[in-house]
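# Breakdown of the fold
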Amino acid sequence: MQELPNSKATALMQFECAHSPRPHANALVRPHQRFTLEQRLTEAIRAGWNVFQFPSKMLQGGDLLSDSGTTTLTLEQFAASILGDEAYGSNWGYPQLVETLKETFGLEGAWKYYIFHQGRAAEHALYSQLRGRGTLVLSNGFFDTTRANAEANGFLAVDLCDTSVQAFKGNIDCARLEENLKKQSADVPFVLITITNNTGGGQPVSMANLRAAQKVADTYQTPLLLDACRFAENAWFIKHYEEGYEQHSISSIVHEMFSLCDGFVISLKKDGLANMGGALVLRTDSIFTRSHPDLLENIYDHQVLTEGHPTYGGLTGGTIMTIVEGLKYVTTDQYLDGRIGLVRDFGTYLTSLGVPILEPIGGHAVYIDIDRFFAGTRMRREDFGGISLTALLLLKGVRLCELGAFAFGKYDSSTGRETFPPHNYVRAAVPRQKYELQDLYHVAECIQTLYDRRDELPKAIPTWGRDKTLRHFKARFALEW
Ligand code: F0G
């Protein structure tokens, strides 16, 4: 009898690892819930092998889809959330949040604080209110939804990453930044620096680079904004890898970073250590607000229309309190040493098993280099090997995220051609305060087993959604053996 393609998948995934994840590693799964390869296969096929559509309750192996909003709250955060005030206007957590943002980022002078339910809502407010006031935004690296927000509002989003400094591969290329601004600064409403650069591998930006970029932007009278999701992790890398900062506290480094910008957007689901939350914070007197005198009020109105009163901004009073506590904890050495050390040890273990990853290892995730993973096999970029890898791992209850040829590529339906992005990664993002090394070793061993059998891995054929925007969230695939 001919073997069915899907039985090949279960046969391939029938292996044991040296390390098992702790039974309680995934808080969603009660210890008595166990799923078989076949049960997961049924769900994976139903989901079109799309990791976003796969039920999280089946992920006992490790859910490394995202580090966003997946934090396990501390007891202090839980306790604070119970004291949340659910008033419709000016809940008592709001002034505490504003005060904590001021203290965390060292914001001196007058700033406006707009709270949103998550980062992209803050980005949407910014880009939609700037619609028609420029054509181009320059950055070291836009994340997928950030790029989509810029593009949906009529801006071309241009990445100018400079990976030449080994410890700071998230830097922006200041020469190219200057070239662009010299030509058309009037078309650029702001320069955006993402710390750390998620698209480029969770890589940090150095203080020297931030300073240099600020100088260039200033020369051309262009505001500088930060996409600050992982600001504390970025500061940790500056402290440990940039000359002259060894003796500085994380807090003082954060203050120095933010003294250079005219404003920032932040998803508080990352270094806010919260399950929800975002903010847009702007200096009230800056080149940015002087160029757009109506901007602050327009954003306020947008917020009331889309999120709620600006003093809660789409968040519950309890969630606001978790952010207040989260921001106090995230800049401590104790937290950051453990956090970044865990991600580093996970990546180092993967390297010791032979799996090719991006080095140095970033702050929040390990990025598997898919082009090197499949080098020497029949797998070409258009076969979406990264998707196949993430698809098969679902059968072991492990979830990673493809951020490469499929997520950042584009399909032209008129020519039938794919355009590929510069990098082809699968990301293993480590949720904060949730996993221990043993859990991550298990994930690493699952990946290694597939790496050792990379010649046998199937191609991923998009069966629906290849031509859609943000296609990685919704596409369906078949595996071709
Ligand atoms: N900017 C960066 C650099 C991000 O990584 C994200 C989210 C956002 C903005 C948007 O924030 O999710 O609160 O709306 N990144 C998540 C991830 C989703 O998995 O990397 P959000």
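Procedures and definitions
- Residues numbered from 1 in each chain as written.
- Predicted model: local features only at pLDDT ≥ 70, side-chain atom pairs only at ≥ 80, totals over all residues.
- Heavy atoms only, no water.
- Helix = DSSP H or I, 4+ residues; strand = E, 2+ residues; numbered from the N terminus.
- Buried < 20%, exposed > 50% of the residue type's maximum accessible area, 1.4 Å probe, protein only.
- Contact = heavy atoms within 4.5 Å.
- Areas by Shrake-Rupley, 256 points an atom, 1.4 Å probe, with all protein chains shown as cover.
- Lys, Arg positive; Asp, Glu negative; His and termini not counted.
- Charge placed at Lys NZ, Arg CZ, Asp CG, Glu CD.
- Near = heavy atom within 4 Å.
- Polar contact = N/O pair within 3.5 Å; in protein donor to acceptor, adjacent residues only side chain to side chain.
- Phe/Tyr/Trp six-rings, centres within 6.5 Å; stacked < 30°, edge-to-face > 60°.
- Pairing = 2+ DSSP bridges.
- Axes fitted to C-alpha atoms, helices over the stretch in contact; angles between N-to-C directions.
- Expected span 1.5 Å × (residues − 1).
- Domains from an automatic or database assignment.
- Buried area = accessible area lost by both parts, 1.4 Å probe.
- Disulfide = S-S within 2.5 Å.

Next up on the list: the overall build of the protein. Counting its regular elements, the protein contains 17 helices and 16 strands. Taken over the C-alpha atoms alone, the protein extends approximately 75 × 55 × 45 Å along its principal axes. Here the protein holds 481 residues, and 60% of them are scored as buried. Sequence-distant contacts in the protein: of pairs separated by 6 or more residues, those separated by 24 or more amount to 73%. Surface exposure of the protein reaches about 19,100 Å², of which carbon and sulfur atoms provide 51%. Computing the positive centroid from 47 side-chain charges and the negative centroid from 55, the protein places the two 5 Å apart.

This brings us to the site of the ligand. The full set close to the ligand counts 18 residues, and Ser 66, Arg 120, Asp 227, Ser 267 and Lys 270 are the nearest of them. With respect to the ligand, the side chain of Gln 118 contributes an N or O atom lying 2.9 Å from an oxygen atom. A distance of 3.0 Å separates an oxygen atom of the ligand from a polar side-chain atom of Arg 230. Elements represented by at least two residues in the shell around the ligand include exactly helix 5 (119–129) and helix 6 (144–152). Element by element, the count of residues in the shell around the ligand is highest for helix 5, at three residues.

For the rest of this paragraph, the subject is the packing of aromatic side chains. Two descriptors summarise a pair of aromatic rings, namely the distance from one centre to the other and the angle between the planes of the rings. This model, assessed by the stated rule, comprises 20 aromatic pairs. Ring centres 5.7 Å apart and planes at 45° place the aromatic pair Tyr 127 and Phe 190 in the tilted group. Here the residue Tyr 127 occupies a position in helix 5, and Phe 190 occupies one in the loop between helix 7 (174–184) and strand 5 (191–194), the gap between them amounting to 63 residues. There is no split in this pair, since Tyr 127 and Phe 190 are both buried. Relative to Phe 258, the ring of Phe 231 lies with its centre 6.2 Å away and its plane at 85°, an arrangement referred to as edge-to-face. You can see Phe 231 sitting in helix 9 (residues 231–241) and its partner Phe 258 sitting in helix 10 (residues 250–259), a full 27 residues away along the chain. Pair check on accessibility: Phe 231 and Phe 258 agree, each one buried.

The subject of this paragraph is the pairing of strand 7 (residues 263–267). Two faces make up the sheet, and in a regular strand the side chains alternate between them. Most of strand 7 is tucked away: five of the five residues are buried. Residues Gly 263, Val 265 and Ser 267 line one face of strand 7 and the alternating positions Phe 264 and Ile 266 line the opposite face, and both faces are buried. Looking at chain direction, strand 6 (residues 224–227) and strand 7 are connected through three bridges and run parallel. For Leu 226, the partnering residue across the bridge sits in strand 7 and is Phe 264.

Turning next to the sheet that holds strand 6. Read from one edge of the open sheet, seven strands run 2-8-7-6-5-3-4, paired in mixed fashion. The strands lining the two open edges of the sheet, one partner per strand, are strand 2 (111–116) and strand 4 (156–159). The mean angle between the axes of side-by-side strands here comes to 20°, regardless of whether they run parallel or antiparallel. Note: strand 3 (residues 136–139) against strand 4, four bridges, orientation parallel. Bridge assignment links Ser 139 to a residue of strand 4, and that residue is Asp 159.

Because an α-helix packs 3.6 residues into every turn, residues spaced three or four apart end up facing the same way. For helix 8 (residues 207–219), spanning 13 residues, the distance from its first C-alpha to its last is 18 Å, which sits close to the expected 18 Å at 1.5 Å a residue. Among the residues trailing helix 8, Gln 221 stands out with phi positive, at a value near 55°.

The residue after Ile 195, namely Thr 196, is reached through a cis peptide bond having omega -15°. Cis geometry marks the peptide bond from Glu 359 to Pro 360, where omega comes out at 0°. As for its placement among the helices and strands, Pro 360 is situated in the loop between helix 14 (333–352) and strand 9 (365–369). One non-glycine residue, Gln 221, lies in positive phi territory at about 55°.

Let us now look at the domain arrangement of the protein. Its domain assignment divides the protein into domain 1 (8–67 + 332–480) and domain 2 (75–329). The centre of domain 1, based on its C-alpha atoms, is set 28 Å off from the matching centre of domain 2. Contacts between the two partners involve 29 residues from domain 1 and, on the opposite side, 28 residues from domain 2. Counting the surface lost from both domain 1 and domain 2, the interface buries some 2,300 Å², and carbon and sulfur atoms represent 57% of this.

On to the state of the cysteines, then. Counting across every chain of the model gives zero disulfides. Cysteine Cys 17 shares no disulfide, and the gap to the nearest cysteine sulfur, in Cys 446, comes to 3.7 Å. The exposure class of Cys 17 is buried, given its relative accessible area of 17%. With no disulfide of its own, Cys 161 lies 11 Å from the sulfur of Cys 174, the closest cysteine sulfur. Residue classification places Cys 161 among the partly exposed residues on the basis of a relative accessible area of 26%.

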